[in-house]
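Observations on chain architecture
The lines below spell out each chain.
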Amino acid sequence: MADSCRPRAARLAGEPLLSGGWDRTIVADKLINQVDLLMVFPIQSAGSATVHTAPPLRVATAGEALFDLIEEPDGRLKPCAGGAVYNLTRALGLQGVGTQYLNPLSGDMLGRQLARGLHEAGVALAAPTPVRAPSALALAALDAKGKASYSFYRDGVADRQVTAAALTAACAALPGLQVVATGCLALVAQDAAIYQPWLAAQRAAGRMVVVDANLRLSAVDDADAYRANVMAALQHAHLIKVSDDDLEALAVPGATALERAHYLQQQTQAQWLALTLGPDGAWLLQRDGLAMHAREEAPITVVDTVGAGDCFLAGLITALLAGPERGEEALALRVGGLTDPVTEARLRTVLHHALASASHCVERAGCTPPRYEEVRERLALRGSTTAEGR
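Here is a short report on the structure shown in this document. Nothing here was measured: the structure is a model prediction, and the numbers come from that model. (Residues numbered from 1 in each chain as written. Predicted model: local features only at pLDDT ≥ 70, side-chain atom pairs only at ≥ 80, totals over all residues. Heavy atoms only, no water.)

Orientation of helix α8 (residues 308-321) relative to helix α9 (residues 344-362), taken along the N-to-C sense of each, is 150 degrees, at an axis distance of 7 Å. The chirality of how α8 crosses α9 is right-handed. Residues A308, C311, F312, G315, L316, T318, A319 and L320 of α8 form the contact with α9, whose own contacting residues are R346, V350, L351, H353, A354, L355, S357, A358, C361 and V362. Taken together, the residues of the contact of α8 with α9 break down into 13 nonpolar, four polar and one charged. (Axes fitted to C-alpha atoms, helices over the stretch in contact; angles between N-to-C directions. Helix = DSSP H or I, 4+ residues; strand = E, 2+ residues; numbered from the N terminus. Left-handed = near helix turned anticlockwise from the far one by under 90°. Contact = heavy atoms within 4.5 Å. Nonpolar A, V, L, I, M, F, W, Y, C, P; charged D, E, K, R; others polar.)

See below:
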């Protein structure tokens with residue numbers, strides 16, 4: 001995490017939380033004593049606070065918003081705003097994509113910080129009035145390679161105080177809405193009644209549906225029910241994102257991650273499937289058999305991988321939505337619309353933009369999404385190796 005998230009975080013053991021925290025709630029069975037939230041977002045580059053005219057709302061996101069408490073070697077906890085869908089939402093906003101976050105946020109201190117992060121990224125809130133439920137927490141541990149593992153505390157939290165009807169109504173109120181996105185903890189089986197009807201309604205309404213599998217088996221008691229619900233959500237998707245770890249967690253058949261990815265795509269209606277492979281780059285598969293691989297040409301220094309997949313997905317969506325204002329064909333204006341197959345050149349452009357977005361993130365502590373201009377500068381400076389296959 002950035003030094004801006006560092007000072008005076010809590011130790012793992014302590015007394016019940018009595019002040020300065022989650023509405024006087026004892027969090028995680030007395031796990032946390034006190035957390036100083038002087039700054040919860042990694043420092044952005046110069047000029048990142050510039051406010052621009054809000055773009056039209058084209059993407060709506062739904063899912064978890066929480067605080068990661070990341071354990072340091074000395075046992076302290078560094079608090080940073082996070083959650084896969086929250087990170088994706090901020091990343092889209094920072095890349096200049098008009099985005100609305102659909103879930104409610106808490107009125108507690110953490111909820112106010114989460115709302116501030118979205119506001120500073122230019123994201124609109126469908127539910128601007130906070131709810132009384134507390135904000136969710138995740139305890140994150142980083143391994144020697146900077147990869148995070150999580151334990152979650154989400155019972156009765158603010159972002160789960162929503163219904164399928166509310167999500168659908170919020171989307172119906174956005175005449176320019178083109179894309180909806182969800183994934184990760186929104187796909188737990190207990191929330192199936194919220195997100196499955198909403199996803200079905202959005203696909204039926206002609207919107208592009210994006211689902212990030214991003215499995216967190218540590219968050220559930222019934223792994224089989226969770227896997228089944230993830231697979232059900234993927235049936236609604238036009239664009240699926242999975243990692244090699246996700247494919248293993250879903251027990252998808254195949255000798256390699258790429259074979260598993262092809263198999264999974266054929267079990268769904270997805271036009272595209274993005275497969276992330278960590279340091280080995282990523283594949284973007286199109287339903288007609290066109291496949292593109294990209295990886296960083298030069299080694300990069302990985303600080304940690306927190307939010308990398310979320311920034312990657314934001315890059316995919318950003319590049320698919322790019323139009324003449326960014327030197328690209330407006331895919332939504334084609335006869336077949338946004339979800340028709342794209343050319344080989346556009347598929348390559350989309351994948352490279354996503355990869356550059358993720359690489360920017362991993363070179364910095366915490367989920368630090370780039371702005372669109374930073375991604376383009378990176379692409380101009382650093383080449384990628386590509387491969388094509390069918």
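What follows is about the packing of aromatic side chains. Summed over all chains, the structure comprises one aromatic pair. Aromatic pair Y195 and W198: ring centres 6.4 Å apart, planes at 75 degrees, arrangement edge-to-face. Taken together, the residues span about one helical turn, with Y195 and W198 both in helix α4 (residues 192-204) at a distance of three residues. Exposure remark for Y195: the relative accessible area of 4% places this residue in the buried category. Over the aromatic face of Y372 sits the side chain of R326, whose NZ or CZ is 3.6 Å from the ring centroid. (Phe/Tyr/Trp six-rings, centres within 6.5 Å; stacked < 30°, edge-to-face > 60°. Buried < 20%, exposed > 50% of the residue type's maximum accessible area, 1.4 Å probe, protein only. Lys NZ or Arg CZ within 6 Å of the ring centre and 35° of its normal.)

A few words on the side chain of Q113. With respect to the secondary-structure elements, Q113 resides in helix α2 (residues 109-120). Under the relative-accessibility criterion, Q113 is labelled buried at 13%. Within polar-contact distance, the side chain of Q113 engages the side chain of R116 at 3.0 Å. (Polar contact = N/O pair within 3.5 Å; in protein donor to acceptor, adjacent residues only side chain to side chain.)

Attention now moves to α9. For an α-helix, the turn length of 3.6 residues means that residues three or four places apart are oriented alike. Helix length check: α9 (19 residues) gives 27 Å between terminal C-alpha atoms against 27 Å at 1.5 Å per residue, within 8%. Most of α9 sits out of view: 15 of its 19 residues are buried. (Expected span 1.5 Å × (residues − 1).)

Axis separation between α4 and helix α5 (residues 223-234) bottoms out at 10 Å; the angle between their running directions is 20 degrees. Regarding the angle of α4 to α5, the classification is roughly parallel. The two elements α4 and α5 meet at a crossing, and its hand is left-handed. Along its contact with α4, which presents A192, Q196 and L199, the element α5 presents N229, A232 and A233. Of the residues contributing to the contact of α4 with α5, the split by class is four nonpolar, two polar and no charged. (Parallel < 35°, antiparallel > 145°, perpendicular 65-115°, else oblique.)

Consecutive residues of a regular strand have side chains that alternate between opposite faces of the sheet. Within strand β13 (residues 291-296), five of the six residues are buried, which leaves the element mostly enclosed by the surrounding structure. Pairing geometry for strand β12 (residues 282-286) and β13, over four bridges, is antiparallel. In the sheet register, W283 faces β13, and the bridge partner there is H293. In this structure, the hairpin formed by β12 and β13 is closed by a connection of four residues, where G289 is found at a positive phi of approximately 105 degrees. (Pairing = 2+ DSSP bridges.)

With that out of the way, let us pick up the pattern of salt bridges. Note on pairing: side chains with opposite charge can pair once their charged atoms come close. In this structure the tally under the stated criterion is eleven salt bridges. A salt bridge links R346 to E328; the nearest nitrogen and oxygen atoms lie 3.9 Å apart. Placement of R346 in helix α9 and of E328 in the loop between α8 and α9 is noted, with a sequence separation of 18 residues between them. We classify R346 as buried; its relative accessible area is 6%. Close ionic contact of R378 with E363 constitutes a salt bridge, the shortest N to O distance being 3.0 Å. Taken together, the residues R378 in helix α10 (residues 372-381) and E363 in the loop between α9 and α10 connect sequence positions 15 residues apart. (Salt bridge = Lys/Arg side-chain N within 4 Å of Asp/Glu carboxyl O.)

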